[in-house]
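# Remarks on the overall topology
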Amino acid sequence: MKISRKSKIQIGLLLLPGLLVFGIFTIYPILKLFIMSFFEWDFGSMLSHNFIGLENYKEVLQDEYFWTVFINSLLYTLVTVPGQMLVGFFVALLLNQITRFKVGYRVMYYLPVITSWVVASLIFKYVFNTEGLLNYFLMNVVHITSANVRWLDTRWGGMTVAMLLGIWKGIGWNMVVFLAALQTVPTDLYEAAAIDGATAWEKMWNVTIPSIKGTILFALVMLTIGGFNVFTSVKMITGGEPGHQTDVILTWMYHKAFSTGKFGYAAALSFITTVVLALLAVVQFKLMQQKDQ
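Residues numbered from 1 in each chain as written. Predicted model: local features only at pLDDT ≥ 70, side-chain atom pairs only at ≥ 80, totals over all residues. Heavy atoms only, no water.

### Structural notes on the overall build of the chain
Across its full length, the chain holds 13 helices and two strands. Over its C-alpha trace the chain gives a radius of gyration of 24 Å, far above what one expects of a compact globule, namely 19 Å for 293 residues. Counting only C-alpha atoms, the chain reaches 80 × 75 × 35 Å along its principal axes. The buried share of the chain, reckoned over its 293 residues, is 38%. Summarising the internal contacts of the chain: among those between residues at least 6 apart in sequence, 69% fall at separations of at least 24. Computing the positive centroid from 20 side-chain charges and the negative centroid from 15, the chain places the two 13 Å apart. (Helix = DSSP H or I, 4+ residues; strand = E, 2+ residues; numbered from the N terminus. Rg over C-alpha atoms; globule rule 2.2 N^0.38 Å. Buried < 20%, exposed > 50% of the residue type's maximum accessible area, 1.4 Å probe, protein only. Contact = heavy atoms within 4.5 Å. Lys, Arg positive; Asp, Glu negative; His and termini not counted. Charge placed at Lys NZ, Arg CZ, Asp CG, Glu CD.)

In structure tokens:
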């Protein structure tokens with residue numbers, strides 16, 4: 001059916017407000033940030049900006065702290081993404097089998113997802129603090145330690161706590177996504193597998209996982225982006241301490257922009273991160289396509 005010119009104009013007018021909002025609050029900031037990455041843009045040059053080309057990108061790549069925070073973000077992603085997906089998948093498998101109290105179990109597992117990141121981070125900080133609940137339990141209740149353990153005062157200790165929070169917060173989201181996918185798998189596939197004598201593990205590996213491969217890819221890409229965008233938990237739990245050793249990309253970007261005023265550096269860092277995430281997404285899609293073939 002051919003759309004008339006009048007209808008096209010009406011459609012354009014209806015879309016115009018949304019496009020304007022999208023352009024002003026999404027496209028323009030991205031373009032502005034990209035331009036900033038090529039200029040000397042800091043507190044000392046807010047009125048006059050000097051074009052410096054790729055110097056901000058060179059500074060980022062030559063900064064030893066950048067590689068520290070990049071490794072932290074990469075490690076956080078490599079640990080939390082599989083952790084969330086595996087636990088969320090098996091929880092979804094279990095919930096897909098039960099017949100009673102389905103809603104109650106789903107709500108229970110989903111509650112961490114809707115819990116404020118700030119509140120959850122403060123709770124984890126209180127639990128793992130040097131004078132916190134975990135040390136009190138270990139020292140005064142079960143008497144395993146004789147002194148308080150400084151969980152948050154080392155790089156790997158602080159990162160471990162942040163990763164535990166990331167996994168705990170993400171299980172419910174993965175559970176919902178995988179549960180919805182599991183309910184679309186045809187039951188006749190399981191019946192055919194049972195006739196062939198397949199075990200429960202073989203059914204899951206040969207029927208369930210291939211049937212929800214698209215959902216697995218979707219979750220993998222979304223969680224990878226989320227892993228590299230972690231901010232609140234690290235900022236609230238460790239604040240990057242000790243000596244920026246627990247900083248991740250976004251907390252380091254925040255520090256460079258709003259503590260040191262190096263907005264050009266922060267802008268360059270943001271686009272380097274975007275390129276890395278785009279490459280990771282392409283690799284993930286390619287790997288999934290090879291497995292399909």
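### Brief notes about the pattern of salt bridges
By the definition in use, this model includes three salt bridges. With a closest N to O distance of 3.7 Å, Lys58 and Glu55 form a salt bridge. On the criterion of helical spacing, the pair formed by Lys58 and Glu55 is a turn pair, its members being three residues apart in helix α2 (residues 55-62). On the basis of relative accessibility, which here comes to 40%, the residue Glu55 falls in the partly exposed class. A salt bridge links Arg150 to Asp153, with the nearest nitrogen and oxygen atoms 2.7 Å apart. On the accessibility criterion, Asp153 (34% relative accessible area) is partly exposed. (Salt bridge = Lys/Arg side-chain N within 4 Å of Asp/Glu carboxyl O.)

### Quick look at the layout of surface pockets
By volume, the second largest pocket amounts to about 370 Å³. Lining the second largest pocket are 19 residues, and of these Gln84, Trp117, Gly170, Leu223 and Gly226 sit closest to its centre. Going through the elements one at a time, α3 (64-97), α7 (155-182), α10 (213-228) and α11 (232-237) are the ones with two or more residues in the lining of the second largest pocket. The dominant element in the lining of the second largest pocket, judged by the number of residues it contributes, is α7, at five residues. Grouping the amino acids of the lining of the second largest pocket by side-chain chemistry returns eight nonpolar, ten polar and one charged. (1 Å grid on protein atoms, 1.4 Å probe; cavity = no way out; pocket = protein on both sides within 12 Å on 5 of 7 lines; lining within 4 Å. Points joined across faces, edges and corners; volume = space filled by probe spheres on them. Nonpolar A, V, L, I, M, F, W, Y, C, P; charged D, E, K, R; others polar.)

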